[in-house]
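Chains, contacts and geometry: an overview
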Amino acid sequence: WPVFADDIDAILELKRQRNAVILAHNYQTPEIFHCVADIVGDSLALARKAMAVEADVIVLAGVHFMAETAKLLNPKKTVLIPDLKAGCSLADSITAADVRLLRQRYPGVPVVTYVNTSVEVKAESDICCTSSNAKILVESLGVARVIMLPDEYLAQNIAAQTDVEIIAWKGHCEVHERFTPADIRQLREDHPGVTVLAHPECPPDVVVEADFSGSTAAMSDYVGSQKPPRVVLMTECSMSDNIAVEHPDVEFIRPCNLCPHMKRITLANIHLALEQNRHEVRIEPEIAARARLAVERMLAV
Ligand code: 13P
Ligand code: SF4
């Protein structure tokens, strides 16, 4: 803790001076999540909360698409991302031109786009979704077939829960694609009685073997409400670290995978972001208008 204390003190002071708030995703490290963040949550919660921020400055402790979403929903605020390279393998898997080609191939089929995408891809989409609301959104459209981008596994996991036909793209999350059903079987053997929770970005054969699948917020809620004696979260490592503190009676088993993009955000670069106003998210107005529509349609459902 002493190594973090100077940055924490400076960040708290700069937040006061600049009238700033820090929004942190559930995958941020505990010193960010517990010591400097004002609002924490999954992608959907961060989007909703970003829209209601009244402070002048939003620092997004998360990845780039989350900062773009905050800027779309609260465009008059200064939105800062402490490291521009905090990307996402899903967002990198598809371009706006790819979406235009898909529309030509499947004329009239609505495009449902995961928020883990660039603002340019959102601008080509009909509606966005997150892992919290994907099934509801797909069904809300009242059509027999949708294109769901870009996470192939999320699309397949939703397809297993609905009659709507889903045309998927081949993007994957580099963190969740590495979990296997064999990992789960080994865990159950090594830790009898363990409850297995899997994020829906995991491959379908992993989700099928898990006891529960849901967004990062849904996994956190599950632990809070069910209080399993032993639990493993098939997701990013900081998730268990962040919620373990609230659940001293739950044993967290920790094979997990790090997201290198989320881990680019540190106390040191949050400090610099606030001190030097970097890196400000700017979105071309015409693209912002179209992308905002897709995100707002999601929030309205
Ligand atoms: P959540 O919306 O569940 O927080 O997921 C975001 C993410 O990037 C998962 O890898
Ligand atoms: Fe993207 Fe996966 Fe990292 Fe989430 S965990 S930000 S989906 S690479």
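Residues numbered from 1 in each chain as written. Chains lettered and ligands numbered in written order. Predicted model: local features only at pLDDT ≥ 70, side-chain atom pairs only at ≥ 80, totals over all residues.

Spelled out, the test is: UniProt positions are given in the numbering used here, feature names are shortened, and annotations may be inferred rather than shown by experiment.
Looking at an unreviewed UniProt entry, one finds the protein chain named Quinolinate synthase, with Mesorhizobium tianshanense as its source organism. Quoted verbatim from the Sequence similarities (unreviewed entry) field of the UniProt record, the comment on the protein chain reads "Belongs to the quinolinate synthase family. Type 2 subfamily." Turning to the protein chain, the UniProt record has this under Function (unreviewed entry): "Catalyzes the condensation of iminoaspartate with dihydroxyacetone phosphate to form quinolinate."

1. Some details on the packing of helix α3 (residues 43-51) against helix α4 (residues 64-73)
For the record, the criterion: Convention adopted: a line fitted to C-alpha atoms gives each axis, helices being fitted over their contacting stretch, and angles between N-to-C directions are expressed from 0 to 180 degrees. Per the convention used, a helix needs a DSSP run of H or I reaching at least four residues, while a strand needs a run of E reaching at least two, with both numbered from the N terminus. By convention, the crossing between two helices is left-handed when the near helix turns anticlockwise from the far helix through less than a right angle, and right-handed when the turn is clockwise. Residues are defined as contacting one another if the C-beta atoms placed from their backbone atoms lie within 7 Å. Amino acids are sorted into nonpolar (Ala, Val, Leu, Ile, Met, Phe, Trp, Tyr, Cys and Pro), charged (Asp, Glu, Lys and Arg) and polar (every other residue, Gly among them).
Where α3 contacts α4, the two axes come as close as 8 Å, and the packing angle between them is 35 degrees. Between α3 and α4 lies a crossing of right-handed hand. Taking contact as the criterion, the partners of S43, L46, A47, A50 and M51 in α3 are, on α4, M66, T69, A70 and L73. Looking at side-chain class alone, the contact of α3 with α4 contains seven nonpolar, two polar and no charged residues.

2. Considering the sheet that holds strand β1 (residues 20-25)
Put simply, the rule is: Two strands form a pair only when DSSP identifies at least two bridges running between them.
What the four strands build is an open sheet, ordered β2-β1-β3-β4; its pairing is parallel. Two strands bound the open sheet, and with one partner strand each, they are β2 (39-41) and β4 (78-80). Each strand axis lies, on average, 20 degrees off the axis of its neighbour in the sheet, ignoring direction. Most of the contacts of helix α13 (residues 267-276) go to strand β3 (residues 57-61), to which it runs at about 160 degrees, and overall it touches β1, β3 and β4.

3. Quick notes on the sheet that holds strand β7 (residues 145-149)
Ordered in space as β6-β5-β7-β8, the four strands form an open sheet in which the pairing is parallel. Sheet topology places β6 (127-129) and β8 (165-168) at the edges, where each strand pairs with a single neighbour. Shown here is a sheet whose adjacent strand axes are inclined to one another by a mean of 35 degrees, direction ignored. With four bridges connecting them, β7 and β8 associate as parallel partners. Counted as the bridge partner of I147 is I167 from β8. The sheet contacts of helix α8 (residues 152-159) involve β5 (111-114), β7 and β8, and relative to β8 the element is tilted by about 170 degrees.

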